[in-house]
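The primary structure of each chain is shown beneath.
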Amino acid sequence: MSFTVAIVGRPNVGKSTLFNRLVGKRLALVDHVPGVTRDRREGRAQLGDLAFTAIDTAGLEEAAPESLISRMQEQTEAAISAADAVLFLIDARAGATPADRAFADLVRKSGKPAILVANKSEGSAGEAGVLEAYELGLGEPIAISAEHGEGLADLYAGLRAALPDATALAAEVEPRGGDIEQKTAERKPIRIAVVGRPNCGKSTLVNRLLGEERLLTGPEAGITRDAIAVDLIWHDQPFRVHDTAGLRRRARVEEKLEKLSVADALNAVRFAEVVVLLMDAQAPFEEQDLRIADLIEREGRALVIGVNKWDRVEPRPGTIKQLREETDHRLPQVKGVPVVAVSGLTGAGLDRLGGFGTAHPARLHHPAQEPAAELRALHQPRRRAAGRLPTLSRQQSARNLRSARHADPARAAREEKSLRETRKAMTSRVVGALNQAYAIAARRPRGLRTAAGS
């Protein structure tokens, strides 16, 4: 029997850092800017012989009703309600602030066992803050440093004391990493990434699939920052769906935090088996949509195009057929890809969308690319097939060849040979990419294409 722990506290007290430390991976985005985390994120955590579920949450702040911060706080309160215990974090270097005192009352009123954690307590700078934490009335504070891994033994003892029965059972029977993939190998979930431009309705669509307001949504663009994975069962088939941050053009991506969000979304695409590219029905096939589709095709992932917000479009005869024809015209490299008109708000078209995920083609293996190279490729203008291959190596080889001809004839011969081999490899990759595209089309069941227009 496992248990669940919610990590809560003010913004920028180190909740995501502690979450990453407990799960043993860098799942949550971490930055010095307050308020990075918005959606609640779950992960399989391990502390000593204890295996449990940890929930990372948004920072608690006072806010006006119906505002984005208020909706973020509702997500945190939902995490507290679902948890068996609460880790209440404060910044030991800042001490107990009035906001900490206000939100400590919220934790007490929940009735859940609370463990007071004074983070950032390494060195002597946090000693005074640890003592001030007693004022919050949540018991003896546990001094830790999530960044440096200090104090985790004390945190282990605190969990044991707060949940004696659950931790005893978890230590006895719960294996490490007992997630759905390891427990149900015979029913391994299909990994799906939902991608698209900002504010095209990705989180709304995933919430509709789940049947609950699991992900933060709203009229503001760019709400989602992390790639949040959620599990669901659709027609008796398990899925793991990754909601991702909106992908804008490179010229508009300036902040470091947004670059981290884009990299997180690209990782979700790389590890997915099926990618749903969501477009806005009121403005489909924007240039950025085509770039994202091109990236998905080059990654060798099964692609489904979802035209969202269909409830806002006036229905006309033959509209779906026109969408499919426009898709084949604008994206000839994935000709015949399923196109589904959906509405995340009303739920229209979700049955057809789920059917494509169940009957996805076999995943193709492509050599892994560096995230930085993928980021550049996503935001570069679309080119012909040869231009999408390693241009940097070609340009560098040509420069080396020109300089070598004047300096060293032997070196020039070597560089010329290297350039010929690079061009040969490029040609081979172009032919391979075309063969793989044809293989995808050949393996796709005919019923899949027919269902695209049903």
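Residues numbered from 1 in each chain as written. Predicted model: local features only at pLDDT ≥ 70, side-chain atom pairs only at ≥ 80, totals over all residues. Heavy atoms only, no water.

**A closer look at the pattern of salt bridges**
Under the counting rule described, the total for this entry stands at 13 salt bridges. R108 serves as the salt-bridge partner of D105, at 2.0 Å between the closest nitrogen and oxygen. Pair noted here: D105 and R108 are both in helix α3 (residues 98-110), with a separation of three residues, about one helical turn. Residue class for D105 comes out partly exposed when judged on its relative accessible area of 33%. What makes R108 partly exposed here is its relative accessible area of 38%. A salt bridge links D231 to R240, with the nearest nitrogen and oxygen atoms 2.7 Å apart. (Salt bridge = Lys/Arg side-chain N within 4 Å of Asp/Glu carboxyl O. Helix = DSSP H or I, 4+ residues; strand = E, 2+ residues; numbered from the N terminus. Buried < 20%, exposed > 50% of the residue type's maximum accessible area, 1.4 Å probe, protein only.)

**Some points on helix α5 (residues 152-162)**
Here α5 has its buried residues at L152, L155, G158 and L159. Down the axis, α5 shows its buried residues gathered within 105° of arc, on one side only. Summarising the geometry of α5, the exposed residues directed more than 90 degrees from the buried face are A153 and A161. (Arc of directions from axis to C-beta.)

**Structural notes on the pairing of strand β4 (residues 85-91)**
Burial analysis of β4 places seven of its seven residues in the buried class, the great majority of the element. Across the two faces of β4 the burial is the same, with A85, L87, L89 and D91 and V86, F88 and I90 all buried. Bridge count for strand β1 (residues 4-9) against β4 is five bridges, and the pairing is parallel. Each residue of the ladder has a partner; that of G9, found in β4, is L89. Relative to strand β5 (residues 114-119), β4 runs parallel, the two sharing six bridges. (Pairing = 2+ DSSP bridges.)

**With respect to the side chain of R214**
As for its position among the elements, R214 is in the loop between α8 (202-210) and β8 (228-234). One buried charged side chain, R214, makes no salt bridge at all; its nearest oppositely charged neighbour is E42, positioned 4.4 Å away. If we ignore the near neighbours within four places in the chain, the residues touching R214 are D39, R40, R41, E42, Q75, N207, I228 and V230. (Lys, Arg positive; Asp, Glu negative; His and termini not counted. Contact = heavy atoms within 4.5 Å.)

**Details of the side chain of N20**
Mapping N20 onto the fold places it in helix α1 (residues 15-23). Leave out the neighbours within four places in its chain, and N20 touches K25, R26, L27, A28 and V30.

**Section: the environment of P198**
Topologically, P198 is positioned in the loop between β7 (190-196) and α8. Taking the relative accessible area as the measure of exposure, P198 reaches 23% and is therefore partly exposed. Spatially, the C-alpha atom of P198 lies 3.9 Å from that of G246, the residues being 48 residues apart in sequence. Contacts of P198, omitting those with residues within four sequence positions, involve A221, G222, G246, L247 and R248.

**As for the sheet that holds β1**
Ordered in space as β2-β3-β1-β4-β5-β6, the six strands form an open sheet in which the pairing is mixed. With partners counted over all chains shown, the strands left at the sheet margins are β2 (41-47) and β6 (142-143), one partner each. Contacting β1, β3 (50-56) and β4, helix α2 (residues 68-82) runs over the sheet at an angle of about 145° to β1. Across the sheet, α5 is in contact with β1, β2, β3, β4, β5 and β6; its angle to β5 comes to roughly 165°. (Axes fitted to C-alpha atoms, helices over the stretch in contact; angles between N-to-C directions.)

**Looking at the packing of aromatic side chains**
Counting across every chain of the model gives one aromatic pair. Ring centres of F3 and F52 lie 5.0 Å apart, and the angle between their planes is 10°; this geometry places the pair in the stacked category. Note that F3 is positioned in the segment before β1 and F52 in strand β3, a separation of 49 residues in sequence. (Phe/Tyr/Trp six-rings, centres within 6.5 Å; stacked < 30°, edge-to-face > 60°.)

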